[in-house]
Amino acid sequence: MDEIQDCTRRRQNPLNCRPQGKAFLPRVIGHIDLDYFYAQVEEVEKPSLKGRPIIVCVFSGRTEDSGVVSTANYEARAFGVHSGMPIAQAKKKLEAQNPEVIRMEHEKYEVISARIMEDLGRMVDTLEPTGIDEAFFDITDSTGGDYARARTSAESIKGTIMRNEHLTCSIGIGRSKVVAKLGSDVAKPGGLTVVSPEATESFLSPLDASRLYGIGPKTTSVLEEMGIRTVGDLAKADPSELDRRFGRKFGGYLLAAATGSDADPVVAGLEPTQFSRIVTLRRDTRDAKEVVDQLSEGVQYIHGKLSRSGKSFRTITAIGILTDLSTKTRSKTFETAVSDPSLIRGTVPTLFDELSRTVGKEFRRAGVRVSGLEDIENQTSLSEFLRPVG
Ligand code: TTP
Ligand code: CA
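One structure accompanies this document, and this report is about it. Predicted model only: the values in this text are computed from it and were never measured. (Residues numbered from 1 in each chain as written. Chains lettered and ligands numbered in written order. Predicted model: local features only at pLDDT ≥ 70, side-chain atom pairs only at ≥ 80, totals over all residues. Heavy atoms only, no water.)

## Overview of the environment of Thr280
Then step 1. When you line up the elements, Thr280 lands in strand S11 (residues 274-285).
Then step 2. Considered as a pair, Thr280 and Asn164 are 116 residues apart in the sequence and their alpha carbons are 9.4 Å apart.
Then step 3. Apart from residues lying up to four places away in sequence, Thr280 is in contact with Gln294, Arg364 and Arg365. (Helix = DSSP H or I, 4+ residues; strand = E, 2+ residues; numbered from the N terminus. Contact = heavy atoms within 4.5 Å.)

Encoded structure:
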């Protein structure tokens, strides 16, 4: 809290504090990244795979092994396998390891990602998803700029994801996006790095400059020419020389990034592309009617979300998470976007009937999702769509 008083006394906003009334709160920014996401999801679904090398692959279909590795677990990475590697090459590296080769199922990871983002959205002040398994968040207000409270919040986020999804993640907390992102990088896998404002310089300075967000191989080689290797070197660089080499905008960013004073705000998530609700059932069951009854409030919630956002939708999905934690879905897609929410109530029971007939296990959790959201004004409602023309 000294930091707040200090900022307040100086009546200025040095190093990323946020004005609040007459005071300044040190910003508390987080970055969360799920560990070896697709492969970890597969481990959760099939725990017997744990400990074995896993590669999740996108098969192009041309020959049996053509395609690339989407991601690999750490057991496979230990043998030099990484995202983007041709499948044949990865298999060769793992020849003696009996690897598990799994076909990527994007839909499955999307469902889990959406659930996690929803949980996260409730636990932070502002959430900015930046990919299927990562997001920036801001918890300045809810923590009052206090980094001890920030640690507790981050631990509780990790606990929630573990409890609900059995997945580990890495989190970094710091006063800027760049610091938060580096924090989650160094915490990988499974860790938490809290970089208080006072510790920012000592955290950043020994790291390789190439690890800063936005610095690629080209920038790294120019920096090396300038004798700059670490973030600490970069923080001490001559600003006009950086401007000359990289232009004012990027030169300015480099200096700000290296001192942890980049002021980029966390911007609330992009336009939603789906609304979903998932509940834990009162008891494990295969009875579709029982599931649908317990989803009634969830469907109500989605109705509300749709009408408040002025969105129509194209697809309704029934989501079942089974007792073995595998996720099964069944969807109905309309030919055109529809805006009548009662269609959800009408369609969900049929989808769960079908789902419960095809899955061999009981449901533990169940949910509904509407996706393919579009602004209503561009759309015809189903009733209009069905009305005879003329
Ligand atoms: P990443 O977060 O880059 O990787 P990761 O979660 O597998 O591993 P890490 O523990 O290092 O965070 O990407 C998230 C998911 O995106 C990843 O699980 C699979 C997918 N992905 C691809 O499909 N192709 C790629 O080239 C990369 C990098 C990721
Ligand atoms: Ca990840």
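What follows continues from the structure just given.
## Comments concerning the environment of Lys92
Then step 1. For Lys92, the position within the fold is in helix H4 (residues 87-93).
Then step 2. On a C-alpha basis, the gap between Lys92 and Gly145 in space is 50 Å, while along the polypeptide they are 53 residues apart.

## With respect to the nonpolar core
Side chains that are nonpolar tend, in soluble globular proteins, to be buried together.
Then step 1. Ile32, Phe137 and Ile173 are the most contacted members of the largest nonpolar core, which has 33 residues in total.
Then step 2. Formed by 27 residues, the second largest nonpolar core is a distinct cluster that contains Leu281, Val291, Ile302 and Ala318. (Core = buried A, V, L, I, M, F, W, Y, C linked by side-chain atoms within 4.5 Å. Buried < 20%, exposed > 50% of the residue type's maximum accessible area, 1.4 Å probe, protein only.)

## Thoughts on the pattern of salt bridges
Then step 1. On inspection of all chains with the given rule, the structure shows 24 salt bridges.
Then step 2. For Arg245, the salt bridge is made with Glu241, and the minimal N-O distance between the two is 3.3 Å. Taken together, the positions of Arg245 and Glu241, both in helix H12 (residues 239-246) and 4 residues apart, correspond to about one turn of that helix. (Salt bridge = Lys/Arg side-chain N within 4 Å of Asp/Glu carboxyl O.)

## A look at the coordination of the calcium ion (ligand 2)
Perfect tetrahedral coordination of a metal by four donors corresponds to 109.5 degrees between them, and perfect octahedral coordination by six donors corresponds to 90 or 180 degrees.
Then step 1. Within the protein, the calcium ion (ligand 2) binds to Asp33 (OD), Leu34 (O) and Asp133 (OD); these donor distances fall in the range 2.1 to 2.3 Å.
Then step 2. On the primary sequence, the residues serving as donors to the calcium ion (ligand 2) are separated as D-L-x98-D. Exposure class is identical for Asp33 and Leu34. Each is buried. (Donors = N, O, S within 2.8 Å, 3.2 Å for Na, K, Ca; no water.)

## A word on the site of ligand 1
Then step 1. Taken together, the neighbourhood of ligand 1 is formed by 13 residues, with Tyr36, Ser70, Thr71, Arg77 and Lys188 sitting nearest.
Then step 2. Ser70 places a polar side-chain atom, nitrogen or oxygen, 2.6 Å from an oxygen atom of ligand 1.
Then step 3. Taking Asp133, its side chain carries an N or O atom lying 3.0 Å from an oxygen atom of ligand 1.
Then step 4. Contact with the protein chains removes 68% of the 550 Å² of surface that ligand 1 exposes when unbound.
Then step 5. Elements with a minimum of two residues in the shell around ligand 1: strand S3 (29-34), helix H2 (37-45), strand S5 (67-72) and helix H3 (74-77).
Then step 6. Grouping the constituent residues of the shell around ligand 1 by class yields 5 nonpolar, 3 polar and 5 charged. (Near = heavy atom within 4 Å. Polar contact = N/O pair within 3.5 Å; in protein donor to acceptor, adjacent residues only side chain to side chain. Areas by Shrake-Rupley, 256 points an atom, 1.4 Å probe, with all protein chains shown as cover. Nonpolar A, V, L, I, M, F, W, Y, C, P; charged D, E, K, R; others polar.)

## Quick word on the sheet that holds strand S9 (residues 169-174)
Pairing between the strands of a sheet is mediated by backbone hydrogen bonds and can be parallel or antiparallel.
Then step 1. Reading across the sheet, the 5 strands line up as S7-S8-S3-S9-S10 and stay open at both edges, with mixed pairing between neighbours. Two strands bound the open sheet, and with one partner strand each, they are strand S7 (126-131) and strand S10 (192-194). Adjacent strand axes in the sheet meet at a mean angle of 15 degrees, parallel and antiparallel pairs treated alike.
Then step 2. In the sheet, S9 pairs with S10 via 3 bridges, with the strands oriented parallel. Its bridge partner lying in S10, Ile171 is registered against Leu192. (Pairing = 2+ DSSP bridges. Axes fitted to C-alpha atoms, helices over the stretch in contact; angles between N-to-C directions.)

## Points about unusual backbone geometry
Then step 1. Residue Pro189 follows Lys188 across a cis peptide bond; omega there is -10 degrees.
Then step 2. With respect to the helices and strands, Pro189 occurs in the loop between helix H8 (177-187) and S10.
Then step 3. The phi dihedral of Tyr36 falls on the positive side, at around 25 degrees, and the residue is not glycine.
Then step 4. Topologically, Tyr36 is positioned in the loop between S3 and H2.
Then step 5. For Tyr36, a relative accessible area of 12% gives the class buried.

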